[in-house]
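One letter stands for each residue in the lines below.
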Amino acid sequence: MASEVLVWVEFKDGVIRRSSLEAIGAATQVAAQLKCTVAAAVVGNADQQAMQCLDEVGVSRVYKVEGVEYQQFEPCRYADALQAVVKQSSPGLILMAATALGKDLSARLAARLRSALATDCIGLEVNDGQISVVRPVYAGKLRAKVGLSGPSPIVTVRPNTFAVPAAQSNRQPEVTGISAELGAASRKVTVRETVYSTGEMPDVSEADIVVSGGRGMKGPENFAILEELAKLLGGAVGASRSAVDAGWMDHQHQVGQTGKTISPNLYIACGISGATQHLAGMSSSKCIVAINKDPEANIFKVADYGVVGDLFRVVPLMIAEIKKLK
Amino acid sequence: MNIVVLVKQVPDTEAAVRPDSSAPARIVESGIKFIVNPYDEFAVEEAIRIKEAKGGHVLVVTIGPPRADEALRTCIAMGADDALRIDDSQLPDLDALGRARLLSKAIAQSPFDLVLCGKQAIDDDLAAVGTFVAELLDLPHVAVVTKLELADGKAICRKEVDGGTQTVEVQLPAVITAQKGLNEPRYPALRGLMLAKKKEIPVVTPSSLGISAEELRPSYKVQHLELPPARGKGKILQGEPETTAVELVRLLREEAKVF
Ligand SMILES: Cc1cc2nc3c(=O)[nH]c(=O)nc-3n(C[C@H](O)[C@H](O)[C@H](O)COP(=O)(O)OP(=O)(O)OC[C@H]3O[C@@H](n4cnc5c(N)ncnc54)[C@H](O)[C@@H]3O)c2cc1C
């Protein structure tokens, strides 16, 4: 019997990403049923503050794989590192967040371990020791319940879906250093550089609140009002494909089938008609708001709240009202 | 340059897919239009552009029932040279690892420099098969690529990561998965369509590739598909913006409690 559920934790600027804490939350939920404890795998260097964060969320062990070769994320190398951790831990289940890096690494690792892989899951349960997950398929048009078997299945969980575990008093997890060797494939890849777009706004895939604009925005300059609203709410700005294809916004912001799949607490769609491919990216948002001048727009069918009206009048009035309340 | 492109035939993005009540792990296929997975189209286009610039040969490979030949013919019409279908009619429950086993076995039969495929299929949305094939062949991979340059036996790729991009250099042969932005896929020309119609498409089976059904037993098994829970009827506000905007903010604060 496996004794651990293993979570790969991802860092950005030395800080653990919230989506990784959510993966620990998901791990904590199922660990008891699997009669397992939760262990974290840290590849590369994590600073003291990040390690302390792991103490507080209740992991009982941290496996660390350190080295200059892990300074930049590269999936083949990280799979080498995690393979060495898995050899030591023989986890009953491996979890990570379904971020860009998590999806990339999980696929490489699953093939390495010949494990079942389920990406971007929104549900996870254990029945009689059998692990099953729920994941959106066909761009969210359907949900699949999937049974996973074999050793160490790998599950990536969609950001903003599972709760971060409540802070506990320091558990002081045991830290185990692991050394790994670079595999043949890893020696053939070099990361030359990683460039993050500047700006203090969170990425749409991790933001709690996303304010998106579509073709109804009429031009790039008008996105300023959405930025103002997003900033006021501490959120991010998204866009439909039409807005991206028109060159008004960068593809990084695109929400939908060929963009990002997101589940924020609040999604505000401004001047977006609600094509199926757009809905694919945002229909698992907890609260959907649509602002559109066409009362027949498809987006109203999925909206919890809608305003039929001209966004150029509605959005500035919303901004003024929120400012008044703050 | 020998390039292999992995493609999958999937339901059209507009298709209304629904679970089959007699086989709840499947969708109702009748009345559905099938297309080449949109991300795979970027891969096919890139392969053809490389061939046009540097010469070479493009082979497209799929796993699917006989109807999947249609997807292969679309790729031939775009400019691919040859196609191969691995028939899965006898093994309809293959999982991604099983499919990668078949694909890697099939493509290892002749030399290649580059494998291209889409970053994910839009039916199972797994984003795994390309990377699986790379691992099974012990090759490096670069996923979610939006720019690709080839020189001196290497590929220089730009790939997306959350909030930014990475530039990655990889030695060939390698597997590269395509993201939107890599290129604009072309429409097949009339000549291509004529050519594609006549093209003979070889078909192989798992057993002819020397892989047993036992080796392909899925560890990822769909138990059932269902429609997502319907959302409650929303509150739609009509009237003067001065009223609706204020009312919306109130509802979001007091009822939905989202900020
Ligand atoms: C393979 C494929 C993949 C795709 N992937 C994606 C994807 O990832 N993401 C995506 O979004 N789309 C995607 N699409 C495109 C999708 O089908 C739609 O074309 C697109 O979502 C439409 O964008 P839109 O709603 O901004 O524009 P439109 O459909 O043109 O809608 C504009 C809306 O703005 C409203 N409007 C105009 N002016 C105002 C105003 N002043 N005030 C209020 N409302 C106003 C109009 O009433 C209209 O409803 C994809 C398509 C395909 C074929």
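Preceding block: the structure.
Note that this is a predicted model, so its numbers are computed, not measured. Every chain begins its residue count from 1, and numbering advances along the sequence as written. Here every chain gets a letter starting at A, and every ligand a number starting at 1, in the order they are written. In keeping with the predicted nature of the model, local features appear solely for residues at pLDDT of at least 70, side-chain atom pairs appear and are counted solely at 80 or more, and the whole-chain, interface and lining totals rest on all residues. Side-chain metrics in this entry use all non-hydrogen atoms of the structure; hydrogen atoms and water are not considered.

We now examine the interface of chain B and chain A. Facing 79 residues of chain B, the contacting portion of chain A comprises 90 residues. A quick way to say it: buried area is the sum, across both parts, of accessible area lost when two parts are put together, with a 1.4 Å probe. Interface of chain B and chain A: buried area, both sides summed, is about 7200 Å²; carbon and sulfur atoms make up 54% of it. When residues of chain B are sorted by the area they lose upon contact with chain A, B:Asp162, B:Lys180 and B:Arg231 head the list and together hold 11% of the total. We count a salt bridge whenever a side-chain nitrogen from Lys or Arg sits within 4 Å of a carboxyl oxygen from Asp or Glu. Our enumeration of links across chain B and chain A arrives at eight salt bridges. For B:Glu169, the salt bridge is made with A:Arg192, and the minimal N-O distance between the two is 2.5 Å. Polar contacts here mean pairs of N or O atoms no more than 3.5 Å apart (in protein, one a potential hydrogen donor and the other a potential acceptor; neighbouring residues in sequence count only if both atoms are side-chain atoms). The interface formed by chain B and chain A contains 49 residue pairs in polar contact (both at pLDDT 80 or more). Starting at the N terminus, helices and strands are each numbered in turn, a helix being any DSSP run of H or I of at least four residues and a strand any DSSP run of E of at least two. Elements supplying a minimum of two residues to the side of chain B that touches chain A: α3 (96-107), α4 (129-136), β9 (141-151), β10 (154-161), β11 (164-171), β14 (220-226), β15 (235-237) and α6 (241-255) of chain B. Nonpolar residues are Ala, Val, Leu, Ile, Met, Phe, Trp, Tyr, Cys and Pro. Charged residues are Asp, Glu, Lys and Arg, and all others, Gly as well, are polar. A per-class count over the side of chain B that touches chain A returns 40 nonpolar, 17 polar and 22 charged. Think of it this way: DSSP has to see at least two bridges between two strands before they count as a pair. When strand β10 (residues 142-148) of chain A meets β14(B), the two strands line up antiparallel, connected through six bridges. Here, two residues are considered to be in contact whenever any of their heavy atoms come within 4.5 Å of each other.

Another aspect to go through is the sheet that holds β14(B). Taken in spatial order, the four strands make up an open sheet running β8(A)-β9(A)-β10(A)-β14(B), and their pairing is antiparallel. The outermost strands of the open sheet, each flanked by one partner alone, are β8 (123-127) of chain A together with β14 of chain B. Averaged over all pairs of adjacent strands, the angle between strand axes in this sheet comes to 25°, irrespective of strand direction. As paired strands, strand β9 (residues 130-137) of chain A and β10(A) are joined by seven bridges and run antiparallel to one another. Bridge pairing in β10(A) links A:Ser132 to A:Gly147. Between the N-to-C directions of two axes lies an angle of 0 to 180 degrees, each axis being a line fitted to C-alpha atoms and, for a helix, fitted only over the stretch in contact.

It is worth spelling out the packing of aromatic side chains at this point. Geometry of aromatic contacts follows a simple scheme: Phe, Tyr and Trp rings, the Trp one being its six-membered ring, pair when their centres are within 6.5 Å, and the pair is stacked under 30 degrees between planes, edge-to-face over 60, tilted otherwise. A full pass over the atoms with the stated rule returns five aromatic pairs over all chains. Consider the rings of B:Tyr39 and B:Phe42, whose centres lie 6.3 Å apart with planes at 55°: the pair is tilted. Taken together, the residues B:Tyr39 and B:Phe42, both in helix α1 (residues 38-54) and three residues apart, mark about one turn of the helix. Each member of the pair B:Tyr39 and B:Phe42 is classed as buried. Members of the aromatic cluster, connected to one another through ring pairs, are A:Trp8, A:Tyr70, A:Phe73 and A:Tyr78. Whether a charge sits over a ring depends on NZ of Lys or CZ of Arg being within 6 Å of the ring centre and within 35 degrees of the ring normal. Geometry around B:Phe34 places B:Arg67 over its ring, the cationic atom sitting 3.8 Å from the centre. Throughout this description, buried means an accessible area under 20% of the type-specific maximum (1.4 Å probe, protein chains only), exposed means over 50%, and partly exposed covers the range between.

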